[in-house]
Amino acid sequence: MSTPPRHASGRHSKPPSKFATTCDDAIRSFSAGKRRRQLIVAGSGLGALALVGVVVTVTLSAGSGHSAAAKGTVKRQVVGPATPAANSSQVPASEAAADDTAVVTYFKAKDTKIADHVQRVSRDGQFFRVYTNYPEADANSTSAISLCDWTSQYLKDQGDSNTFVFVHGTSSDNGSVVLANKVSPTDSCKVDETK
């Protein structure tokens, strides 16, 4: 609130006139009412924005879950253990999630030493990915090609020959690099060399 106007004080000063007092009171009253109206308008605007945000969020979350289930294209992703080992690049395949058991068992039946380099596997639509702790330099290595071939054969045995297979390794500056891949039934699993 504004402070009342200062009037002369002392022995010879006159008290403010009734008109001056009425004007001062009207100005103070108007200022207080204006602030109150501004606060009400601002609060109403923020409330409306919050309501719109809630409606949009609910609509989007309800719509996305419903449409994915209706289309039958719910993505399934299998990840490794919730708590990684002390050195996450050394997580053995035996610690993979329960859903991975069949493919990991398949790898172990082929070669336990290679299978122990598998950190996790995931399937996302037509893409089946095998993540390993092999370095980027192991692109087109015997181990990477073997994992690619084994995964393709495993999927074929399951009646699925249309899924693309990617075997990933680690890179200090590039995340998960592709060490081998099979994108067609006649593909050799070898990746093109990058320069």
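Engineer: Any chance you could explain the overall build of the protein chain here in plain terms?
Structural biologist: Across its full length, the protein chain carries 4 helices and 4 strands. What you see in the protein chain, going N to C, is helices and strands ordered as α-α-α-β-β-α-β-β. In the form shown here, the protein chain has an accessible surface area of approximately 13400 Å², with 58% of it arising from carbon and sulfur atoms.

Engineer: Mind showing me how you'd approach the nonpolar core here?
Structural biologist: Across soluble globular proteins, you tend to see nonpolar side chains buried next to one another. Ranked by internal contacts, the top residues of the largest apolar core, which has 24 residues, are Val103, Phe107, Val121, Val130, Leu147 and Val167. Among the secondary structure elements, those contributing two or more residues to this core are α2 (101-110), α3 (112-115), β1 (118-124), β2 (127-135), α4 (142-157), β3 (164-171) and β4 (175-182). Counting residues per element, this core draws most heavily on α4, at 7 residues.

Engineer: Honestly, the sheet that holds β1 in this entry has me stumped. Any pointers?
Structural biologist: Note on sheets: strands pair through backbone hydrogen bonds, and any given pair is parallel or antiparallel. On the basis of which strands lie adjacent, the open sheet formed by 4 strands has the order β1-β2-β3-β4 and mixed pairing. Strands with a single pairing partner mark the edges of an open sheet, and in this sheet they are β1 and β4. On average, adjacent strands in this sheet sit at an angle of 25 degrees to one another, irrespective of strand direction. Sheet analysis places β3 next to β4, joined by 7 bridges and oriented antiparallel. Residue Phe166 lies in a different strand from β4, and its bridge partner there is Asn181. Of the strands in this sheet, β1, β2, β3 and β4 are in contact with α4, which crosses β4 at around 60 degrees.

What counts, and at which threshold
- Residues numbered from 1 in each chain as written.
- Predicted model: local features only at pLDDT ≥ 70, side-chain atom pairs only at ≥ 80, totals over all residues.
- Heavy atoms only, no water.
- Helix = DSSP H or I, 4+ residues; strand = E, 2+ residues; numbered from the N terminus.
- Areas by Shrake-Rupley, 256 points an atom, 1.4 Å probe, with all protein chains shown as cover.
- Core = buried A, V, L, I, M, F, W, Y, C linked by side-chain atoms within 4.5 Å.
- Buried < 20%, exposed > 50% of the residue type's maximum accessible area, 1.4 Å probe, protein only.
- Pairing = 2+ DSSP bridges.
- Axes fitted to C-alpha atoms, helices over the stretch in contact; angles between N-to-C directions.
- Contact = heavy atoms within 4.5 Å.

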